Amino acid sequence: MFKLFMGPFTSILKLTNVQHLMQRLDHFFPRYLQTLRLGQADIMEVHNGIQFLPLDKNTYLRIQCFINLIEATFSQVKYTAFLYNDQLVWSGLEQDDMRILYKYLTTSLFPTALESEMCRESPKSGGPLPPITSSSHFGKYVTGPQNLNDSNNLGKIPHIYVNTDTRYEELNLIAYRALSATVCLMVEPTSIPGFEWYKKIDAFLGPQLSTLASDISEQYSKRASLPSDQQFKYIYFNHMNLAQKTTIHNRKTLSAIISPEIVRLIADINASFVKTEDDAETVMKTVSDCWVVGKKSDQREFYVVINQKNANLIEINEEVKRLCSTHFNNIFFLD
């Protein structure tokens, strides 16, 4: 996180000196450490992955075309990321850069913006949304000018560093949201023409992003309304693309909805997996007759908590296989 906002140590030392680096460290870490939820830290913080939003092919291609059109229309935009709620749909950044930026967006920027929105008067809910037109839409800046009629106030725009492992790039992070969809535009600080540029971005993004967000919402609602099996909870993590999925945590607060004992048990299984490069599987049963299974295969980790008190080891093994084939039918787990 320090590299995201301050740049890599080597670059700071190259431009300044050790004393200046120490001042930056002293400025950053006391504030950053206060934001960490150490009391709630668990396997999610160990993996530090990214939650992706699954979409049908047509919607995904529409989003891809939309992003390509943004970057072709506005040459100042160097990288783009698209998120829906707290789930990533597409990113032009390198994985390690996106992992850090995703952490900042979902744990700091988005919650702060949402809290600020909730403090304002919101329109009545429950009725149909008004039609989206070129002059009327739901788009607004999360970082950038909050009032497009006030050219003297550009708002707060975070300054970030990316590609820090090869050569660092300094960029401004401009986040624009419509309904639950957010587009993050990363722009070189010297290339933004002025306030009119923000008005052009708003006119371009607002209607199209509002329409996309509305269409994604329909898919999202249908998926959320599907019945879920209450007998099991799971966590999945892919080391290759940093994809992370969990039903063990509350979607909004990210706090675990299972007992601390089970959370620690999953962490213990993960610690044993870290010690070996081989594929592995661990099955445990708690004193409360709850089964915890951990699988490590092909750079993927899968942990499932099954609440079947009278089940035996063979039945649990079959249940895990059924779960993998039902929920992860396109993912290969070695037996």
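Residues numbered from 1 in each chain as written. Predicted model: local features only at pLDDT ≥ 70, side-chain atom pairs only at ≥ 80, totals over all residues. Heavy atoms only, no water.

Chemist: Please clarify how the overall build of the chain should be interpreted in this entry.
Modeler: When helices and strands are tallied, the chain shows nine helices and 11 strands. Residues counted as buried form 41% of the 335 residues belonging to the chain. The long-range share in the chain, meaning contacts at least 24 apart out of those at least 6 apart in sequence, stands at 62%. Accessible surface for the chain amounts to roughly 18,900 Å². Of this, 53% is attributable to carbon and sulfur atoms. (Helix = DSSP H or I, 4+ residues; strand = E, 2+ residues; numbered from the N terminus. Buried < 20%, exposed > 50% of the residue type's maximum accessible area, 1.4 Å probe, protein only. Contact = heavy atoms within 4.5 Å. Areas by Shrake-Rupley, 256 points an atom, 1.4 Å probe, with all protein chains shown as cover.)

Chemist: Even after reading the chapter, I still don't get helix H9 (residues 313–327), so can you show me in this structure?
Modeler: Helical geometry: 3.6 residues make up each α-helical turn, so side chains three or four residues apart lie on a common side. Over its 15 residues, H9 runs 21 Å from end to end, which matches the ideal 21 Å to within 8%, given 1.5 Å per residue. Buried within H9 are the following residues: Ile 316, Glu 319, Val 320, Leu 323 and Cys 324. Each buried residue of H9 lies within a common arc of 135° when the element is viewed along its axis, so the set occupies one face. In this structure, the buried side of H9 is in contact with strand S7 (232–238), strand S10 (291–297) and strand S11 (300–306). The N-capping residue of H9, defined by a side-chain oxygen 3.1 Å from the backbone nitrogen of Ile 314, is Asn 312. (Expected span 1.5 Å × (residues − 1). Arc of directions from axis to C-beta. Polar contact = N/O pair within 3.5 Å; in protein donor to acceptor, adjacent residues only side chain to side chain.)

Chemist: How should I be thinking about the sheet that holds strand S9 (residues 280–285) in this particular structure?
Modeler: Strands in a sheet are paired, the pairing made by backbone hydrogen bonds, and the direction either parallel or antiparallel. Read from one edge to the other, the open sheet built from five strands follows the order S8-S7-S11-S10-S9, with strand pairing classed as antiparallel. In this open sheet, the two strands that pair with only one neighbour each are strand S8 (244–246) and S9. Each neighbouring strand pair of the sheet contributes to a mean axis angle of 5°, computed without reference to strand direction. Summarising the sheet, S7 and S8 pair through three bridges and their orientation is antiparallel. The residue of S8 that forms the bridge with Tyr 236 is Lys 245. This element, H9, spans S7, S9, S10 and S11 of the sheet and lies at about 125° to S11. (Pairing = 2+ DSSP bridges. Axes fitted to C-alpha atoms, helices over the stretch in contact; angles between N-to-C directions.)

Chemist: Just checking my understanding: could you explain the pairing of S9 for this structure?
Modeler: The side chains of a regular strand alternate between both faces of the sheet. Relative to S10, S9 runs antiparallel, the two sharing six bridges. Along S10, the bridge assignment pairs Lys 285 with Trp 291. Count of turn residues in the S9/S10 antiparallel hairpin: five residues, of which Asp 289 carries a positive phi of about 65°.

Chemist: Please clarify how the pattern of salt bridges should be interpreted in this entry.
Modeler: If the charged atoms of two oppositely charged side chains come close together, the side chains can form a pair. Inspection of the entire model under this criterion finds eight salt bridges. Among the salt bridges present, the one from Lys 78 reaches Glu 188, with a minimum N-O distance of 3.2 Å. Of this pair, Lys 78 sits in strand S1 (residues 77–84) while Glu 188 is found in the loop between strand S6 (181–187) and helix H7 (195–224), placing the two residues 110 residues apart along the sequence. What makes Lys 78 partly exposed here is its relative accessible area of 33%. (Salt bridge = Lys/Arg side-chain N within 4 Å of Asp/Glu carboxyl O.)

Chemist: Mind showing me how you'd approach the nonpolar core here?
Modeler: In globular proteins that are soluble, nonpolar side chains generally tend to be buried together. Residues Phe 66, Phe 82, Leu 185 and Trp 197 are the most contacted members of the largest nonpolar core, which totals 31 residues. Within the residue set of this core, elements represented by two or more residues are helix H5 (57–73), S1, strand S2 (87–91), strand S5 (169–178), S6 and H7. Formed by 25 residues, the second largest nonpolar core is a distinct cluster that contains Ile 50, Phe 110, Leu 173 and Cys 184. (Core = buried A, V, L, I, M, F, W, Y, C linked by side-chain atoms within 4.5 Å.)

Chemist: Hey, could you run me through unusual backbone geometry in this one?
Modeler: Most peptide bonds take the trans form, and the phi angle of most residues other than glycine is negative. Its identity is not glycine, yet Asn 85 carries a phi of approximately 55°, on the positive side. Positionally, Asn 85 belongs in the loop between S1 and S2. Residue classification places Asn 85 among the partly exposed positions, given a relative accessible area of 25%.

Chemist: What is the right way to read the environment of Val 305 from this model?
Modeler: Mapping Val 305 onto the fold places it in strand S11. In this structure, the C-alpha to C-alpha distance between Val 305 and Trp 291, residues 14 residues apart in sequence, is 5.8 Å. Sequence-distant contacts of Val 305, defined by excluding residues within four places in its chain, comprise Gln 231, Phe 232, Lys 233, Ile 248, Ile 258, Ile 262, Ile 266, Cys 290, Trp 291 and Val 292.

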